[in-house]
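# Results of the structural survey
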Amino acid sequence: MTVWLALVIPAAMLVALLVDRALGEPPPRWHPVVAIGRYLERSGRGLPQRSPRAAFCGGVLAWCLGAALVTALAAVVQAVLWRWLSGSVAGAALLALLLGLLLKPLLAWRLLREEVAAVEIGLGQSLAAGRARIARISSRDSSRHGASAVRETAIETLAENLNDSVVAPLFWFAIAGLPGAALYRFANTADAMWGYRGEWEWAGKWAAHADDVLSWLPARITAVALLPQPARWRQLARAARVTPSPNGGWPMGAMAIALGARLTKPGVYVLNPGGRAVEAGDISAAMTRAARALILGVAVLALLALVVNLNEPF
């Protein structure tokens, strides 16, 4: 395979990030994640009220059907574009542009940055405004949070979603193209909607574990990009083990250690317990750290995509 054709996937990743930076999210009616959410909402109706076995089987069936449809559609679109446009340098450039445009809705870096930054802006107005802003991006009950706890939640959300909303979709795009990114986005959305304990314990169990599997390696790549000092990785591994999630503790722990701050979910975990309390300015510092990590992560994933495509093109 020629090098210029192998560059299509890395170039498409860059296109997606540039479009994200310039334009942000597409309108809801054209957004594939919104469509995925609607499917999950409809197919999940009534599942939690069934017996544990019926709820689990129904959740598996609905998840597999939705995942198959999303992945098949992405595979067909990519195959058609690749077949039509991969025969020349000009065609490959157009292919990278189109794949990047299709990839963009499957990641959300600008939106994540804006929502996290708005938390600090809200706190500058009042504690109530800060709590209202954090409630937009975190399901954690923040009604009794002080300013420090609101900032902690914002920083944890930034770190975890740097993986879920940006690095992981790019990772799966790098190794499996548009179908890989689409499958991951479906799985992550299903986990966000169904992957809870309580009434969704059985209906959402498959969705939660599927997301854990697909996020396993990207979460660790994100963590290393946030904390690229090998001497501190043993500390990172210890921090990651204290969270209930097999993946979330990696980027959150890396961010806590990098900032030298303590991040806490009361009654559940404390990340970097020897760190100082979170203070004003830490959200901004965390966003700067995340932006640098993304640059490093994208460089690694682009190299991975180049290697994959040189050996086995889509």
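Shown above is the structure to which this text applies.
Now for a description of the structure that goes with this document. Everything numeric in this text was worked out from a predicted model, so none of it was measured. (Residues numbered from 1 in each chain as written. Predicted model: local features only at pLDDT ≥ 70, side-chain atom pairs only at ≥ 80, totals over all residues. Heavy atoms only, no water.)

Take the overall build of the chain next. In terms of regular secondary structure, the chain is built from 12 helices and two strands. The N-to-C order of helical and strand elements in the chain reads α-α-α-α-α-α-α-α-α-α-α-β-β-α. By the burial criterion, 48% of the 314 residues in the chain qualify as buried. Put simply, 71% of the contacts in the chain that link residues at least 6 apart link residues at least 24 apart. (Helix = DSSP H or I, 4+ residues; strand = E, 2+ residues; numbered from the N terminus. Buried < 20%, exposed > 50% of the residue type's maximum accessible area, 1.4 Å probe, protein only. Contact = heavy atoms within 4.5 Å.)

This next bit is on the side chain of Asp191. Mapped onto the elements, Asp191 comes out in helix α8 (residues 147–194). Not counting residues within four places of it along the chain, the set of residues in contact with Asp191 comprises Ala207, Ala208 and Asp211.

Another point: helix α6 (residues 109–125). If you check α6, its first and last C-alpha atoms are 25 Å apart, about what 17 residues at 1.5 Å a residue would give, namely 24 Å. Buried within α6 are the following residues: Trp109, Leu112, Glu115, Val116, Ala118, Val119, Gly122 and Leu123. (Expected span 1.5 Å × (residues − 1).)

Within this structure, the stated rule accounts for five aromatic pairs. Three or more aromatic residues joined by ring pairs form one cluster here, namely Tyr39, Trp63, Phe186 and Trp206. A cation sits over an aromatic face here: Lys205 above Trp202, 4.9 Å from the ring centre. Between Arg220 and the ring centre of Trp216, over which it is positioned, the NZ or CZ distance is 4.0 Å. (Phe/Tyr/Trp six-rings, centres within 6.5 Å; stacked < 30°, edge-to-face > 60°. Lys NZ or Arg CZ within 6 Å of the ring centre and 35° of its normal.)

Turning our attention to the state of the cysteines. For the structure shown, the criterion picks out zero disulfides. With no disulfide partner, Cys57 has as its closest neighbouring cysteine sulfur the one in Cys64, 11 Å distant. The exposure class assigned to Cys57 is partly exposed, which follows from its relative accessible area of 45%. (Disulfide = S-S within 2.5 Å.)

Among the nonpolar cores identified, the biggest contains 88 residues, and Met13, Leu99, Leu103, Leu158, Leu170, Phe173 and Met255 are the most heavily contacted of them. A per-element tally of this core places α8 first, with 22 residues. Filtering out sequence-adjacent residues up to four positions away, Leu158 remains in contact with Trp109, Leu112, Val116, Met255, Ala286, Met287 and Ala290. (Core = buried A, V, L, I, M, F, W, Y, C linked by side-chain atoms within 4.5 Å.)

Another aspect to go through is the side chain of Arg185. Relative to the elements of secondary structure, Arg185 occurs in helix α8. Buried within the structure, Arg185 lacks any salt-bridge partner; Asp164 is the closest side chain of opposite charge, at an N-O distance of 7.1 Å. Of the polar contacts made by the side chain of Arg185, one reaches the backbone oxygen of Leu106; its length is 3.2 Å. Setting aside chain neighbours within four positions, we find Arg185 in contact with Val33, Ile36, Leu106, Asp164, Ser165 and Pro169. (Lys, Arg positive; Asp, Glu negative; His and termini not counted. Salt bridge = Lys/Arg side-chain N within 4 Å of Asp/Glu carboxyl O. Polar contact = N/O pair within 3.5 Å; in protein donor to acceptor, adjacent residues only side chain to side chain.)

For the rest of this paragraph, the subject is the environment of Trp200. With respect to the helices and strands, the residue Trp200 is situated in the loop between α8 and α9 (205–226). By relative accessible area, Trp200 is classed as buried at 14%. Through-space distance from the C-alpha of Trp200 to that of Glu41 is 13 Å; in sequence the pair is 159 residues apart. Residues within four places of Trp200 in sequence aside, it is in contact with Gly44, Pro48, Trp194 and Lys205.

This is a description of form; function is not addressed.
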